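# Working through the structure, step by step
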Amino acid sequence: MAEASRWHQGGTPKHEPHFRKEVEIRTTLQELLIYLIFLINLCILTFGMRNPHMYYLNKVMSSLFLDTSVPGDERTNFKSIRSITDFWKFMEGPLLEGLYWDSWYNNQKLYNLKNSSRIYYENILLGVPRVRQLKVRNNTCKVYISFQSLMSECYAKYTSENEDTSDFGLKLNTGWKYSTPSNDAPWHWGFVGVYRNGGYIFTLSKSKSETQSKFVNLRLNSWVTRETRVIFIDFSLYNANVNLFCIIRLVAEFPATGGILTSWQFYSVKLLRYISYYDYFIASCEITFCIFLIVFTTQEAKKIKEFKSAYFKSIWNWLELLLLVLCFVAVFFNLYYNTQIFLLLGQLLKNTEKYSDFYFLAYWNIYYNNIIAITIFFAWIKNMFLAIINNTYSEVKTDYSLGRRPDFELGKMIKKSYNNALEKLKLKKPQTDEISKKMKSGDLVEQARREGFDENEIQSAEQMKKWKERLEKKYYSTETQDDHQPVTQQEFRDLFLYAVELEKELHYISLKLNRVMRKISGLPY
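Residues numbered from 1 in each chain as written. Predicted model: local features only at pLDDT ≥ 70, side-chain atom pairs only at ≥ 80, totals over all residues. Heavy atoms only, no water.

## Here's the deal with a nonpolar patch on the surface
On the surface, Tyr144, Ile145, Phe147, Leu150 and Met151 cluster together into a nonpolar patch covering about 640 Å² of accessible area. Looking at the element boundaries, Ile145 is found in the loop between strand E2 (123–135) and strand E3 (188–189). Accessibility expressed as a relative area gives 64% for Ile145, which makes it exposed. (Patch = residues over 30% accessible without salt bridge, like charges linked within 9 Å, V, L, I, M, F, W, Y side chains within 5 Å. Areas by Shrake-Rupley, 256 points an atom, 1.4 Å probe, with all protein chains shown as cover. Salt bridge = Lys/Arg side-chain N within 4 Å of Asp/Glu carboxyl O. Helix = DSSP H or I, 4+ residues; strand = E, 2+ residues; numbered from the N terminus. Buried < 20%, exposed > 50% of the residue type's maximum accessible area, 1.4 Å probe, protein only.)

## A short note on the packing of helix H4 (residues 84–99) against helix H5 (residues 208–220)
Running from N to C, H4 and H5 cross one another at 170°; their axes reach a closest spacing of 10 Å. The angle between the axes of H4 and H5 places the two elements in the roughly antiparallel class. Contacts between H4 and H5 involve Trp88, Met91, Glu92, Leu95, Leu96 and Glu97 on the former and, on the latter, Lys208, Thr211, Gln212, Phe215, Val216, Leu218 and Arg219. Of the residues that constitute the contact of H4 with H5, the class distribution is 7 nonpolar, 2 polar and 4 charged. (Axes fitted to C-alpha atoms, helices over the stretch in contact; angles between N-to-C directions. Parallel < 35°, antiparallel > 145°, perpendicular 65-115°, else oblique. Contact = heavy atoms within 4.5 Å. Nonpolar A, V, L, I, M, F, W, Y, C, P; charged D, E, K, R; others polar.)

## Looking at the packing of aromatic side chains
Taken as a whole and assessed by the stated rule, the structure comprises 37 aromatic pairs. Centroid distance Phe360 to Trp364: 6.5 Å. Interplanar angle 70°. Geometry classified as edge-to-face. Taken together, the residues span about one helical turn, with Phe360 and Trp364 both in helix H8 (residues 359–389) at a distance of 4 residues. You can call Phe360 buried: its relative accessible area is 10%. Members of the aromatic cluster, joined through ring pairs, are Phe332, Phe333, Tyr336, Phe360, Tyr363, Trp364 and Tyr367. Of note, Lys135 hangs over the ring of Phe168, and the distance from its end group to the ring centre comes to 3.3 Å. Over the face of the ring belonging to Tyr200 we find Lys135, whose NZ or CZ atom lies 5.5 Å from the ring centre. (Phe/Tyr/Trp six-rings, centres within 6.5 Å; stacked < 30°, edge-to-face > 60°. Lys NZ or Arg CZ within 6 Å of the ring centre and 35° of its normal.)

## Looking at H4
An α-helical segment advances 3.6 residues per turn. Residues three or four places apart therefore align on the same side. End to end, H4 covers 21 Å across 16 residues, agreeing with the expected 22 Å (1.5 Å per residue, within 8%). At Phe90, H4 is deflected by roughly 40°, the largest bend along its length, and proline Pro94 occurs up to four residues later in sequence. Among the residues of H4, those classed as buried are Asp86, Phe87, Trp88, Phe90, Met91, Gly93, Pro94, Leu95, Leu96, Gly98 and Leu99. Against the buried residues of H4 lie helix H3 (52–66), strand E1 (118–119), E2, H5, strand E6 (228–239) and strand E7 (244–253). (Expected span 1.5 Å × (residues − 1). Bend = angle between axes of the 7 residues up to and from the residue.)

## What about empty space enclosed by the protein?
Here the structure, examined in full by the defined rule, presents 2 cavities of 30 Å³ or more. The space that makes up the largest cavity amounts to roughly 90 Å³. Lining the largest cavity we find 13 residues, and of these Ala185, Pro186, Asn197, Arg249 and Tyr359 sit closest to its centre. Of all the secondary structure elements, the ones that give two or more residues to the lining of the largest cavity are E2 and H8. Looking at the lining of the largest cavity residue by residue, the class counts come to 6 nonpolar, 2 polar and 5 charged. (1 Å grid on protein atoms, 1.4 Å probe; cavity = no way out; pocket = protein on both sides within 12 Å on 5 of 7 lines; lining within 4 Å. Points joined across faces, edges and corners; volume = space filled by probe spheres on them.)

Structure, rendered in structure tokens:
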């Protein structure tokens with residue numbers, strides 16, 4: 001009976017805590033829904049600008065310039081270059097043939113070339129390709145004294161301190177004279193060194209025959225020497241069919257150990273971004289992203305102002321700040337990247353007789369993609385935090401782990417919201433207070449059964465509940481005007497039984513408290 005009374009008292013919680021918990025869960029679900037919208041928007045921004053044609057464009061270009069073999073020597077292509085002889089075979093063979101497409105497969109001249117090559121008949125060669133090498137000075141390393149009679153020259157690995165900046169060879173043009181690197185040009189991270197811009201540069205011609213003559217002249221006059229440490233071959237293409245630029249860099253490193261190490265970079269990027277209706281949809285998502293960013297920043301600023309130093313004691317608040325910082329960095333990169341495209345694209349396309357350095361734009365595009373990838377990674381971590389580690393969900397999880405169903409269930413809240421909507425639309429009659437009261441009482445009974453109370457305890461608790469309601473209605477009702485009402489014999493009996501039950505409950509609690517105190521007193525200090 002004591003258990004029944006205890007169930008009755010715990011089974012009818014006050015309205016205010018229940019309402020507070022309902023508001024807490026509803027608020028949490030609203031935050032989760034808003035954040036899911038933000039996450040979907042971020043995913044659209046991340047993957048929306050990706051195009052399957054990027055992969056295929058990279059694939060066909062890499063196959064053309066990396067896998068095409070030298071005529072008469074099937075084992076020699078760019079990937080298999082190991083000596084200076086192999087390098088010049090590639091330059092005068094697969095590279096030359098791959099860059100200049102001026103006739104159809106039946107040897108008829110291509111129409112409407114406008115003094116430009118059409119690689120695979122679909123990709124316009126922008127400007128002219130550029131070949132650039134970096135060298136090191138002699139005596140940048142020391143030869144052991146016993147071997148100085150055999151080897152008087154020593155060329156160390158490439159560093160900016162060891163770089164040779166003096167003119168060499170024919171000393172006629174930039175191919176033989178050193179060009180100073182620009183300050184804003186990105187460095188290249190290779191297999192055996194980190195290389196800066198500048199060096200000994202020559203550009204190819206619009207004419208295939210003139211370019212071939214340049215290659216022969218450079219080879220015969222030893223443009224590649226023992227001092228050479230790296231050679232870059234840079235050029236860019238544009239495919240109007242898929243609106244993609246392909247920026248290509250082929251790299252041949254000449255390590256101090258001898259031999260040649262080859263590497264390559266193929267970047268297909270969409271520099272002309274806002275053309276189709278889908279592009280404008282992506283633009284709207286970018287604006288939405290900025291709005292979310294402003295709202296989230298405002299929320300975090302309010303939290304910092306409210307909690308002050310206590311705000312920084314939570315690792316999840318640090319995650320919030322990290323995510324906001326990454327979002328701001330991504331916005332900065334995007335703005336800078338698009339600004340540079342707007343400023344440089346026209347200049348790069350204006351003069352078709354010069355090298356168009358689109359590698360700078362591809363470089364910033366890579367950084368933007370990396371920042372966005374990191375941002376979406378931490379955004380998903382925060383999403384999992386909202387769905388799993390949030391206190392409200394932890395309570396629900398704990399209830400289920402103890403074999404009980406939570407007092408407030410998500411399904412009930414959704415059902416209640418659905419019924420309220422139907423009632424407001426007058427599609428369903430509102431439930432009366434009596435029906436709601438009965439349903440609530442039925443829910444409490446079902447809850448008691450789920451929590452392990454037997455039927456006797458439930459019936460006793462129901463009886464006590466009826467006594468209490470009847471007595472409260474008679475003696476504590478606001479409608480009662482007379483404070484001196486007579487007590488009938490039945491009412492006196494009910495009062496007596498109710499007092500007995502309260503005494504039993506008090507005795508039960510006293511025994512339980514004594515038992516706990518004895519256990520505490522028996523604990524070692």
